[in-house]
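Listed here are the chains, written in short residue letters.
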Amino acid sequence: MIDVTIANFEAEVITASMTTPVLIDFWAPWCGPCKSLGPILEKVELAYNGRFKLVKIDSDQEQQLGAAFGIRSIPTCILMINGQPVDGFQGALPEGKVKEFLDKHLPPAEELPPAEEEAVPEPEDSSPAAVLEKLKAAVANDPSNDNALFDYVRMLLQHGQFDHAKAAFAPAAPKVALVRKFQALQHWLDAIESGAAHADPAGAQAEFDAKISANKRDFESRYALAQLHMGQQRWVPAMDELLEILMRDKAWNEELARKTFVSILEIIEPPKVKVADGQIPPDDPVVATYRRRLSSVVLS
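Here the structure is a predicted model, which is why all the values come from computation and not from measurement.

A few words on the packing of helix α6 (residues 146-158) against helix α8 (residues 180-196). Where α6 meets α8, the axes come as close as 10 Å, and the angle between the chain directions of the two elements is 20 degrees. Here α8 runs roughly parallel to α6, going by the angle between their axes. Handedness of the crossing formed by α6 with α8: left-handed. Each of D146, N147, L149, F150, V153, R154, L157 and Q158 in α6 lies in contact with α8, whose residues at this interface are K181, F182, L185, W188, L189 and I192. Residue composition of the contact of α6 with α8, grouped by class: 9 nonpolar, 2 polar and 3 charged.

Right under this line is the structure:
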């Protein structure tokens, strides 16, 4: 068991979960159920002999981490695999339920024989090219499948295939005003085209920064800078610039900053994982944080 703070979170949780599942226990010293659950988790960690790593985060001392995961009550446990939250539970579960929760995601020890003793099945091809082909086929088989089209165009854009993405998206253009996912893609396409107009993106960014330094309410420059970041998939600085606009003028340009901010959240939000009844699907920390920041600004 390791105590984690914001200083070592990246190494002990994100990086560590790339090789070993990490179970985060959000707790507090004053919490009675936390004191019941803690020893159970430590006992299970020993029993599972390295199949997962247990870390504890004091939600009072590390409020920023608690907010990033959307923690509303304690104890709350979040399981991280490959840098992403995959499942979670609340409350002081008994040992059997904790093991039942973990066993859904951890391969049983007896099913991990040496490679030479058992043939390993060929893994499904998850390369970008293979995934793109599957999405392309899904769209071809059902052109009305908005989710498949969104995933297909988004992945094309993620891998820099702008022309293919624009062509694939063209049939959906009439539905942009009606489908939020398509509005998100349109904002992204517009941002990429806007960025392409600058022969020197770094020089353009410096020019926008200078204009903003001279006039904090130069919303045109702020929005153009946000588009530049967005076109290069720098989502956090793009959202930061849009928030700066919203904090000064929520209604600017027919709420364009808010609409674009919502589009970015739509683009970067990973698919929701399936969880058992009574359990809470964990939120992506970045999406959860910026969704709360948007609500705070818009409702202020």
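There's more to say after this.
Going through the model one piece at a time under the given rule, you end up with 18 salt bridges. The shortest N-O distance in the salt bridge between K43 and E95 comes to 3.1 Å. With a gap of 52 residues between them, K43 in helix α2 (residues 32-47) and E95 in helix α4 (residues 95-103) connect regions that are remote in the sequence. Looking at E95, the relative accessible area reads 23%, which means it is partly exposed. In this structure, K104 engages D87 in a salt bridge whose closest nitrogen and oxygen atoms are separated by 3.1 Å. On the criterion of sequence distance, the pair formed by K104 in the loop between α4 and α5 (128-141) and D87 in strand β5 (residues 84-90) is long-range, its members being 17 residues apart. Taking the relative accessible area as the measure of exposure, D87 reaches 0% and is therefore buried.

What counts and how
Residues numbered from 1 in each chain as written. Predicted model: local features only at pLDDT ≥ 70, side-chain atom pairs only at ≥ 80, totals over all residues. Heavy atoms only, no water. Axes fitted to C-alpha atoms, helices over the stretch in contact; angles between N-to-C directions. Helix = DSSP H or I, 4+ residues; strand = E, 2+ residues; numbered from the N terminus. Parallel < 35°, antiparallel > 145°, perpendicular 65-115°, else oblique. Left-handed = near helix turned anticlockwise from the far one by under 90°. Contact = heavy atoms within 4.5 Å. Nonpolar A, V, L, I, M, F, W, Y, C, P; charged D, E, K, R; others polar. Salt bridge = Lys/Arg side-chain N within 4 Å of Asp/Glu carboxyl O. Buried < 20%, exposed > 50% of the residue type's maximum accessible area, 1.4 Å probe, protein only.

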